[in-house]
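Chain by chain, the residues run as shown.
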Amino acid sequence: DWLFRLGERVVVLDDCWIVDGKVDTYGSIAIGGVNEVVHRVVYAEMNPDEDIADLHVHHKCERKGCINPGHLVALTPSEHQRVHGALRRERRNAA
């Protein structure tokens, strides 16, 4: 079962659940012989009635390796681009 295999690979950092301890890298897992991006799999599992095929799953915590369902939100590509643009501006202004 993929969820059991995944659980063995998760490290808790603050309130993030990090796959393989890699904060800045998307985790992957093989399901049915196909490699899947873990945060998308977790989001889809936790939101089974939502079709995310054309959506981006955004990490509100800004940690690519996080799979905590509370940190994930589905956005349209344009919404996702807007969020990341705002984050870049925020970082630039803070420097």
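Note: the structure precedes this text.
Quick caveat: nothing in here was measured; it's all calculated off a predicted structure.

**Structural notes on unusual backbone geometry**
Piece 1. Even without a glycine there, the phi angle at D20 is positive, about 60 degrees.
Piece 2. Relative to the helices and strands, D20 resides in the loop between β2 (16–19) and β3 (28–31).
Piece 3. Unusually for a residue other than glycine, E62 sits at a positive phi of about 65 degrees.
Piece 4. Topologically, E62 is positioned in the loop between β5 (56–59) and β6 (72–75).

**With respect to the environment of H71**
Piece 1. Residue placement: H71 occurs in the loop between β5 and β6.
Piece 2. For H71, a relative accessible area of 11% gives the class buried.
Piece 3. In this structure, the C-alpha to C-alpha distance between H71 and C61, residues 10 residues apart in sequence, is 5.9 Å.

**Quick notes on the environment of Q81**
Piece 1. Looking at the element boundaries, Q81 is found in helix α3 (residues 77–94).
Piece 2. Between the C-alpha atoms of Q81 and H56, which are 25 residues apart in sequence, the distance is 9.7 Å.

**Section: the side chain of H59**
Piece 1. Here H59 lies in strand β5.
Piece 2. At 3.2 Å, the side chain of H59 forms a polar contact with the backbone oxygen of C66.
Piece 3. Discounting chain neighbours no more than four positions away, the residues touching H59 are Y26, H39, K64, C66, H71 and L72.

The rules behind each value
- Residues numbered from 1 in each chain as written.
- Predicted model: local features only at pLDDT ≥ 70, side-chain atom pairs only at ≥ 80, totals over all residues.
- Heavy atoms only, no water.
- Helix = DSSP H or I, 4+ residues; strand = E, 2+ residues; numbered from the N terminus.
- Buried < 20%, exposed > 50% of the residue type's maximum accessible area, 1.4 Å probe, protein only.
- Polar contact = N/O pair within 3.5 Å; in protein donor to acceptor, adjacent residues only side chain to side chain.
- Contact = heavy atoms within 4.5 Å.

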